[in-house]
Amino acid sequence: MNVQQTTVNALRVLSIEGIEKANSGHPGLPLGSAPIAYALFQNHMTFNPRNPKFDNRDRFILSAGHGSMLNYATLHLYGYAVSKEDLMNFRQFGSKTAGHPEYGLTPGIETTTGPLGQGIANAVGMAIAENYLRAKFNKEGFPIVDHYTYALAGDGCMQEGIENEAASLAGTLKLGKLIVFYDDNDITIEGNTDIAFREDVGKRHEALGWQVINVKDINDLNAINKAVKKAKACTDKPSLIICKSLIGYGSPLVGNPHCHGAPLGAENVQKTKEMLGYNYPPFEVPEEVKKHTAKAIRKGKRAEKAWKEMFKAYEVAYPELAKEYKSWMANEKPDLINNEDLWKFEKKDATRNTSFTVLNKLADLVPNLIGGSADLAPSNKSNMKNRGDFLPDDKTGSNMHFGIREHAMAAITNGMCVHGGLTTYCSTFFVFSDYMKNAIRLSALMGLPVTYVLTHDSIGVGEDGPTHQPVEHLVGLRSIPNIKVYRPADGKETTAAWISALTGKEPTLLVLTRQNLPQYENSGVEALKGGYILADSEKATPDVLLIASGSEVELCMEAKKVLAEQGVDARVVSMPCIEVFNKQPKKYREAVIPSKVRARVCVEAATPYSWHQFAGLDGEIIAMNTFGESAPAELLFKHFGFTVENVVEKALKVVKK
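Being a predicted model, the structure only gives us computed values, none of them experimental.

Draft legend 1. Broad picture of the overall build of the chain. Within the chain one finds 24 helices and 18 strands. Here the chain has a C-alpha radius of gyration of 28 Å; the compact-globule value for 657 residues is 26 Å, and the two agree. Taken along its principal axes, the extent of the C-alpha atoms in the chain is 90 × 60 × 45 Å. Within the chain, buried positions represent 62% of all 657 residues. Put simply, 76% of the contacts in the chain that link residues at least 6 apart link residues at least 24 apart. Carbon and sulfur atoms make up 50% of the accessible area of the chain, which totals about 25,200 Å². Averaged over its 74 positive side-chain charges, the chain has a centre that lies 5 Å from the centre of its 75 negative ones.

Draft legend 2. Spatial organisation of the pattern of salt bridges. Applying the stated criterion across every chain yields a total of 30 salt bridges. Where Arg-134 meets Glu-130, a salt bridge forms, and the shortest distance between an N and an O atom there is 2.8 Å. Here Glu-130 and Arg-134 lie together in helix α5 (residues 118–137), a separation of four residues that amounts to about one turn. Since its relative accessible area comes to 27%, Arg-134 is described here as partly exposed.

Draft legend 3. How the structure looks around the sheet that holds strand β17 (residues 600–603). The strand order across the open sheet built from five strands is β14-β16-β15-β17-β18, with neighbouring strands paired in mixed fashion. The open sheet has two edge strands with one neighbour each: β14 (532–535) and β18 (620–622). Geometrically, the sheet is characterised by an average inter-axis angle of 25° between neighbouring strands, direction not taken into account. Pairing geometry for strand β15 (residues 544–548) and β17, over four bridges, is parallel. Across the sheet, residue Leu-545 finds its bridge partner in β17, namely Arg-600. Contacting β14, β15, β16 (570–574) and β17, helix α19 (residues 552–565) crosses the sheet at an angle of about 160° to β15.

Draft legend 4. Region of the structure containing the sheet that holds strand β8 (residues 369–373). Within the open sheet, the six strands sit side by side as β9-β8-β10-β11-β13-β12. Their pairing is parallel. The sheet is open, and its two edges are formed by β9 (399–401) and β12 (484–486), each paired on a single side. Going across the sheet, the axis of each strand differs from the next one's by a mean of 20°, ignoring polarity. As defined by bridge partners, strand β10 (residues 423–429) adjoins strand β11 (residues 451–455) across five bridges and the pair is classed as parallel.

Draft legend 5. A look at unusual backbone geometry. In this model, Lys-174 sits at a positive phi of 55°, which is unusual for a non-glycine residue. Structurally, the position occupied by Lys-174 is in the loop between α7 (161–172) and β3 (178–184). Using a relative accessible area of 31% as the deciding quantity, one classes Lys-174 as partly exposed. A positive phi angle is found at Asp-375, which is not glycine, with a value near 65°. Examined against the element boundaries, Asp-375 turns out to sit in the loop between β8 and α14 (377–380).

Draft legend 6. Summary view of the packing of helix α1 (residues 3–22) against helix α3 (residues 68–77). Their axes nearest at 9 Å, the elements α1 and α3 cross at an angle of 125°. Classified by the angle their axes make, α1 and α3 are oblique. The handedness of the crossing between α1 and α3 is right-handed. Facing Thr-7, Ala-10, Leu-11, Leu-14, Ser-15, Gly-18 and Ile-19 of α1, the residues of α3 in contact are Met-69, Leu-70, Ala-73, Thr-74, His-76 and Leu-77. Per-class residue counts for the contact of α1 with α3 are eight nonpolar, five polar and no charged.

Draft legend 7. Quick peek at the environment of Ile-547. Examined against the element boundaries, Ile-547 turns out to sit in strand β15. A C-alpha to C-alpha distance of 9.9 Å links Ile-547 and Met-557, two positions 10 residues apart in sequence. Not counting chain neighbours up to four residues away, the residues in contact with Ile-547 comprise Cys-556, Val-573, Met-575, Ile-593, Val-601, Cys-602, Val-603, Trp-611 and Phe-614.

Draft legend 8. The nonpolar core, seen in detail. By size, the foremost hydrophobic cluster in this structure holds 79 residues, and its most contacted members are Ile-128, Ile-144, Leu-178, Ile-412 and Tyr-452. Counting residues per element, this core draws most heavily on α5, which supplies 11 residues. Leave out the neighbours within four places in its chain, and Ile-144 touches Asn-56, Asn-138, Trp-307, Met-310, Phe-311, Tyr-314 and Tyr-325. Counting 74 residues, the second-largest nonpolar core is a separate cluster that includes Ala-489, Ala-527, Tyr-532 and Val-601.

Conventions we followed
- Residues numbered from 1 in each chain as written.
- Predicted model: local features only at pLDDT ≥ 70, side-chain atom pairs only at ≥ 80, totals over all residues.
- Heavy atoms only, no water.
- Helix = DSSP H or I, 4+ residues; strand = E, 2+ residues; numbered from the N terminus.
- Rg over C-alpha atoms; globule rule 2.2 N^0.38 Å.
- Buried < 20%, exposed > 50% of the residue type's maximum accessible area, 1.4 Å probe, protein only.
- Contact = heavy atoms within 4.5 Å.
- Areas by Shrake-Rupley, 256 points an atom, 1.4 Å probe, with all protein chains shown as cover.
- Lys, Arg positive; Asp, Glu negative; His and termini not counted.
- Charge placed at Lys NZ, Arg CZ, Asp CG, Glu CD.
- Salt bridge = Lys/Arg side-chain N within 4 Å of Asp/Glu carboxyl O.
- Pairing = 2+ DSSP bridges.
- Axes fitted to C-alpha atoms, helices over the stretch in contact; angles between N-to-C directions.
- Parallel < 35°, antiparallel > 145°, perpendicular 65-115°, else oblique.
- Left-handed = near helix turned anticlockwise from the far one by under 90°.
- Nonpolar A, V, L, I, M, F, W, Y, C, P; charged D, E, K, R; others polar.
- Core = buried A, V, L, I, M, F, W, Y, C linked by side-chain atoms within 4.5 Å.

Structural data, given as structure tokens:
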């Protein structure tokens, strides 16, 4: 057996041994797809395990994230900080080697995968980022940005709608440096794919604008290497390399769906090693394999050294561009809080419009800002006026056109962000965040500072009716850990939301109105604390607290005036971001919402579940407990009780308790 085959088998055996020790995992894909991982890392990819974040590295994404043990075994063999002990601790508490690949946990993992199809969409985003940065910074003789994005997917990924959405956009944009491997083994958990999936994946991708290359036998390393070379030679189309494989190759369960998601068993692991001719103790790698993979490691180190030398010359030839490149890659931002121009608003306006104003001011201040909408930019107000469009034959523009592909849009934006060098956002109607939920959740899990601009935020959508009126979405998204949901009440709060988004380390959702709202004298930078006193009481201790977000703050401000005429002293608390407010020191939170004031009214045109924590035992909540209706917004707000009169009535009720 030659060293190439021994190395492939080392990947297979390390994978199944880790799964067996954990008594949990998915051995089928690693056994079948190991030749792909080997061919890429040994012969084609540019990487340096000593610096996993080397700017110009090729990216590898395991979209079929359940096969994570193959990813970890590959990283181990190719010199990353994934030790033998890490492989032995697969799926254990506190281990680097989690059940599915997790960004930020394991060196060499480029993005978190597991929900099928997400990885391919992330890869499309990374390829977009590479294209954009290349168009911005490369000069003749200085290919500063010049790398490939590889992804490995399975039958499950190909069945997900997000894969088709992302692949469609990739083909449209002619992303020639995107190469996706399809491990075509015709097996999913329930059995053979023909019970639910009989399409010609290759022809579909050809129709979507991809180059399709077929490898008849995944174990033919020469065929894989030729396929990669052919993919690289095609510069105006992404490439799909379809590799026919056998799930569980080399094991007694070959071709059997039972080896998809369960350990082989100790006896079958031993039989697999015998069938593969791999006779080494558990988790041991022969010296010949270590020497072989070391060649690829040394090649990667030389590649980074050469790149650094080129960049030094680039700094001499193009000092301003080099400085800008380093600033982009370091995610540097100017002082936004003290920029007075960002905080200037005068006329009554919808927060989607004030967001547009802020966005276009930010476009001049944050040059690496890039984003777009799911075909709704005129309604979302999400386009940057003087930044051009990112198009198939012109990759210099900053305005993305994602098309009507909300799920893929969010996952692609994650990929653009995690690539590095870009400040990213995407946009749609708030109600369609349902389509994006899984990708938003992964933004939060990875800690990616993606900004989601979500407009038409409530029953204020009006005549479009309940299908377009989000009522449960705020509480659903607020329930995600490590996320910020901003629902601003005016222009200055919108500015605060954007600043929080661009300077934070987690995803931020900007939930914005279509209807016009007033501008408040006392709003502004305090909104960065999530909640603050917008209009205080005359007394040291107010009679009642009126707490709201977004458009309902106006109701509370007007109700305060009416209550004053009736001798009731109210404090209005604007709560644009509950998550940020709850992270403030207890002393601050107590100063804004004193625990001794039990008379409280919370108002939000959404389901009430976010507000029980603030209403307390004696408070009232004015909220939505049903879906909306189709009618003009003014009638709907009145019909559902979002009126000054109702706020006053509820305030008087709680004051008298």
